[in-house]
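# Structure assessment
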Amino acid sequence: MKRGELYLVERATKNDTKKQRVYVVVSRQPLLDSSYSTVICAPVYSTTEGIETQVTIGTECGLKHFSCIRCDELISVRKSDLTNYVGTLPFNKINELNRAIRIALAIVPILSR
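Everything in this summary refers to the structure shown in the same document. Quick caveat, the model's predicted, so the values are computed rather than measured.

## Observations concerning the layout of surface pockets
- As a volume, the largest pocket reaches approximately 340 Å³.
- Lining of the largest pocket is provided by 15 residues; of these, L8, K18, V22, L63 and H65 occupy positions nearest its centre.
- Every element with two or more residues in the lining of the largest pocket is listed here: β2 (20-25) and β3 (38-45).
- Here the lining of the largest pocket takes three residues from β2, the largest share from any one element.
- By residue class, the composition of the lining of the largest pocket is six nonpolar, six polar and three charged.

Written as structure tokens, this is what we have:
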């Protein structure tokens, strides 16, 4: 399992109206390589509002159609639920994902003191 991989997950949350949804793994690699049982993921939706915390993706990532990653909706998913591999984000989309997560979490650069 690697950061930026997409997996189809069965009902990761109770509130989700879809039976299955694609999620992107966003946890750091040392956590993914550890024995820890869960990882942080971002859901993928087929609709977008065009806000800066969403990253558009499509068939280049293994999806069937245009979609977007919603970085404002990060959740913890059990590693054991990430078995249906869909694809991987290309390098440029991982950079966009990093930017969107920083915005979603209001992470600003630390200025020198």
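## Quick look at the pattern of salt bridges
- Applying the stated rule across the entire model yields four salt bridges.
- Of the charged contacts in the structure, one is a salt bridge between E96 and K93, with a shortest N-O distance of 3.5 Å. On the criterion of helical spacing, the pair formed by E96 and K93 is a turn pair, its members being three residues apart in helix α2 (residues 91-104).
- Taking the relative accessible area as the measure of exposure, K93 reaches 11% and is therefore buried.
- Where salt bridges share partners, they join E49, R70 and E73 into one cluster.

Thresholds, definitions, all that
- Residues numbered from 1 in each chain as written.
- Predicted model: local features only at pLDDT ≥ 70, side-chain atom pairs only at ≥ 80, totals over all residues.
- Heavy atoms only, no water.
- 1 Å grid on protein atoms, 1.4 Å probe; cavity = no way out; pocket = protein on both sides within 12 Å on 5 of 7 lines; lining within 4 Å.
- Points joined across faces, edges and corners; volume = space filled by probe spheres on them.
- Helix = DSSP H or I, 4+ residues; strand = E, 2+ residues; numbered from the N terminus.
- Nonpolar A, V, L, I, M, F, W, Y, C, P; charged D, E, K, R; others polar.
- Salt bridge = Lys/Arg side-chain N within 4 Å of Asp/Glu carboxyl O.
- Buried < 20%, exposed > 50% of the residue type's maximum accessible area, 1.4 Å probe, protein only.

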